[in-house]
Amino acid sequence: MITLDIIVFTLIIFCAIGALTVKDLMAAAIVTSAYSFLICLLLAVMGAVDVAFTEATVGAGVSTVFFVATVFQTTRRTKD
Amino acid sequence: MKKLALILCVFAGGILLINAHYLPMWGDPESPASAHLSPFFIENAYAHTNAPNMVAVVLADYRSYDTMFEAAVVLAAGLACFFLLRSRGKGRKGGPHYYRHIPTGATIRIDEKGKLPREDSKAFRPIDALWTPYDPIIRTTCRCLIPFLQIYSLYVLAHGHYSPGGGFQAGVVLGATIILLAISHNLKTSIQRMSERTAALWSIIGVAIFAGTGLICLLLGMDYLNYEILAPFLLSDAVMARSHSILIVEIGVTMAVMAVMVWIYYNLSSAGQQDEGL
């Protein structure tokens, strides 16, 4: 039987690879946000609700806004 | 260079993976952390502070040095963004400026060399160059949402003794409401509600509340951040004094985190000009 944390962990690895390979920086910011949210889910499954709450607010919430603001002020596509 | 970075990454990751089996299993009662440290917290946290949420007790009481310097690091991040990004020039340089004539609702465009209206003009209001039409759905939704988010963040702060949450989370949610206002309306509207000066002052006051609580304990003859000595001031016994002091320092953390989040957003989204947001 496949447990929930294995599924979440697989999705986290896909998100991490996706955030590294995608050329559009805005897409990378959104995928990083999804990655943070999945990490939050994993922490909640493990019972660390306080840490999961912090990850949800800081990781998936505010830092995504900061990334998007930075992408708007710099360049949309990565050079490398 | 990219090849070298890849080789280094694979090498470091491989070493970590090979040695991963030395780590204790998740939830292993024989692991060092579960054997010595956790039982002490589990047995004594409630007796020492009357707060059922052990995480809040560890964060703001047993390890409050750690939390205080975390708040200081957040303040340092805000200051670093300020010193790196903020430009002293007023408004956006170059390019045309757009203004709305408030009595008629007409939008005017002033080219680069043109004469701009005064900063405190009642008849003209600057609008963003990438101006989007008035969208009642987004604005009304955000205006309805923001008060509830703010009340929720205060709940998270006040209920930190009993349920997950506390200063950091409450501060981030509270800061996010101001950022949401800046996104749904525009940056100027948000700055009118909370100016950069207010944000800077709040972040410093927040850290000062935390450090000041510790300093009062020190001045009264106890160790730094040992809250028991504050009992006469808080009109309670030593146990409840620790409980109340956790709330006081969490309020400081909330103020600092909220103000720094808003401050960083102002500087990041407008490239340090504080003129136009996203």
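Provided above is the structure to which this section pertains.
Residues numbered from 1 in each chain as written. Chains lettered and ligands numbered in written order. Predicted model: local features only at pLDDT ≥ 70, side-chain atom pairs only at ≥ 80, totals over all residues. Heavy atoms only, no water.

A look at the nonpolar core
Thinking step 1. Residues Phe66 of chain A together with Met194, Phe210, Tyr227, Val257, Tyr265 and Tyr266 of chain B are the most contacted members of the largest nonpolar core, which totals 45 residues.
Thinking step 2. If you list the elements that add at least two residues to this core, you get helix 3 (49–73) of chain A together with helix 3 (54–62), helix 4 (64–85), helix 6 (167–184), helix 7 (187–193), helix 8 (196–219) and helix 9 (238–269) of chain B.
Thinking step 3. Top contributing element to this core by residue count: helix 9 of chain B, with 15 residues.
Thinking step 4. Val8, Ile12, Leu38 and Leu42 of chain A belong to the second largest nonpolar core, which has five residues in total. (Core = buried A, V, L, I, M, F, W, Y, C linked by side-chain atoms within 4.5 Å. Buried < 20%, exposed > 50% of the residue type's maximum accessible area, 1.4 Å probe, protein only. Helix = DSSP H or I, 4+ residues; strand = E, 2+ residues; numbered from the N terminus.)

Considering the side chain of threonine 254 of chain B
Thinking step 1. In this structure, threonine 254 of chain B sits in helix 9.
Thinking step 2. Ignoring anything within four residues of it in the chain, the contact list for threonine 254 of chain B reads Leu157, Gly167, Ala170, Gly171 and Leu174 of chain B. (Contact = heavy atoms within 4.5 Å.)

Some points on the layout of surface pockets
Thinking step 1. Estimates place the volume of the second largest pocket at around 900 Å³.
Thinking step 2. Of all the secondary structure elements, the ones that give two or more residues to the lining of the second largest pocket are helix 3 of chain A together with helix 2 (32–49), helix 3, helix 4, helix 6 and helix 9 of chain B.
Thinking step 3. Looking at side-chain class alone, the lining of the second largest pocket contains 21 nonpolar, 11 polar and five charged residues. (1 Å grid on protein atoms, 1.4 Å probe; cavity = no way out; pocket = protein on both sides within 12 Å on 5 of 7 lines; lining within 4 Å. Points joined across faces, edges and corners; volume = space filled by probe spheres on them. Nonpolar A, V, L, I, M, F, W, Y, C, P; charged D, E, K, R; others polar.)

With respect to the interface of chain A and chain B
Thinking step 1. Chain A puts 16 residues into the contact, and the matching count from chain B is 23 residues.
Thinking step 2. Of the roughly 1700 Å² buried between chain A and chain B, counting both surfaces, carbon and sulfur atoms make up 78%.
Thinking step 3. The largest contributions to the chain A side of the interface with chain B come from Asp50, Phe53 and Phe66 of chain A, which together make up 36% of the buried area.
Thinking step 4. Linking chain A with chain B are zero salt bridges.
Thinking step 5. Taken together, chain A and chain B are joined by four residue pairs in polar contact (both at pLDDT 80 or more).
Thinking step 6. Residues that form the side of chain A that touches chain B fall into these classes: 10 nonpolar, four polar and two charged. (Buried area = accessible area lost by both parts, 1.4 Å probe. Salt bridge = Lys/Arg side-chain N within 4 Å of Asp/Glu carboxyl O. Polar contact = N/O pair within 3.5 Å; in protein donor to acceptor, adjacent residues only side chain to side chain.)

Brief notes about the sheet that holds strand 2 (residues 106–110) of chain B
Residues and elements named next belong to chain B.
Thinking step 1. A sheet is described by the order of its strands in space; here three strands give the open sequence 2-1-3, paired in antiparallel fashion. With partners counted over all chains shown, the strands left at the sheet margins are strand 2 and strand 3 (124–127), one partner each. With direction set aside, neighbouring strand axes in the sheet form an average angle of 35°. (Pairing = 2+ DSSP bridges. Axes fitted to C-alpha atoms, helices over the stretch in contact; angles between N-to-C directions.)

Remarks on the side chain of threonine 177 of chain B
Thinking step 1. Here threonine 177 of chain B is to be found in helix 6.
Thinking step 2. When near neighbours in sequence (up to four residues on either side) are disregarded, threonine 177 of chain B contacts Ile146, Leu149 and Gln150 of chain B.

Focus: a nonpolar patch on the surface
All names here are of chain A.
Thinking step 1. A contiguous nonpolar surface patch, about 680 Å² in accessible area, is contributed by Ile2, Leu4, Ile6, Ile7, Leu11, Phe14 and Val45.
Thinking step 2. Among the elements that take part in the nonpolar patch, helix 1 (residues 4–21) stands out by supplying five residues, more than any other.
Thinking step 3. Here leucine 11 shows up in helix 1. (Patch = residues over 30% accessible without salt bridge, like charges linked within 9 Å, V, L, I, M, F, W, Y side chains within 5 Å. Areas by Shrake-Rupley, 256 points an atom, 1.4 Å probe, with all protein chains shown as cover.)

Here's the deal with the pattern of salt bridges
Residues and elements named next belong to chain B.
Thinking step 1. Overall, the coordinates contain four salt bridges over all chains when judged by the stated rule.
Thinking step 2. The partner of aspartate 66 in a salt bridge is arginine 63, with the nearest N and O atoms 3.4 Å apart.
Thinking step 3. A relative accessible area of 31% means that aspartate 66 is categorised as partly exposed.
Thinking step 4. Taking relative accessible area as the criterion, arginine 63 reaches 45% and is therefore assigned partly exposed.
Thinking step 5. Glutamate 196 is the salt-bridge partner of arginine 86, the closest N and O atoms lying 3.2 Å from each other. A residue pair is termed long-range when its members are at least 10 positions apart, and arginine 86 in the loop between helix 4 and strand 1 (97–101) and glutamate 196 in helix 8 qualify at 110 residues.
Thinking step 6. Overall, the relative accessible area of 13% leaves glutamate 196 in the buried class.
Thinking step 7. Ionic contacts of the salt-bridge type, sharing partners, join the residues Asp61, Glu228 and Arg242 into one network.

Function-wise, these values are silent; they only describe arrangement.
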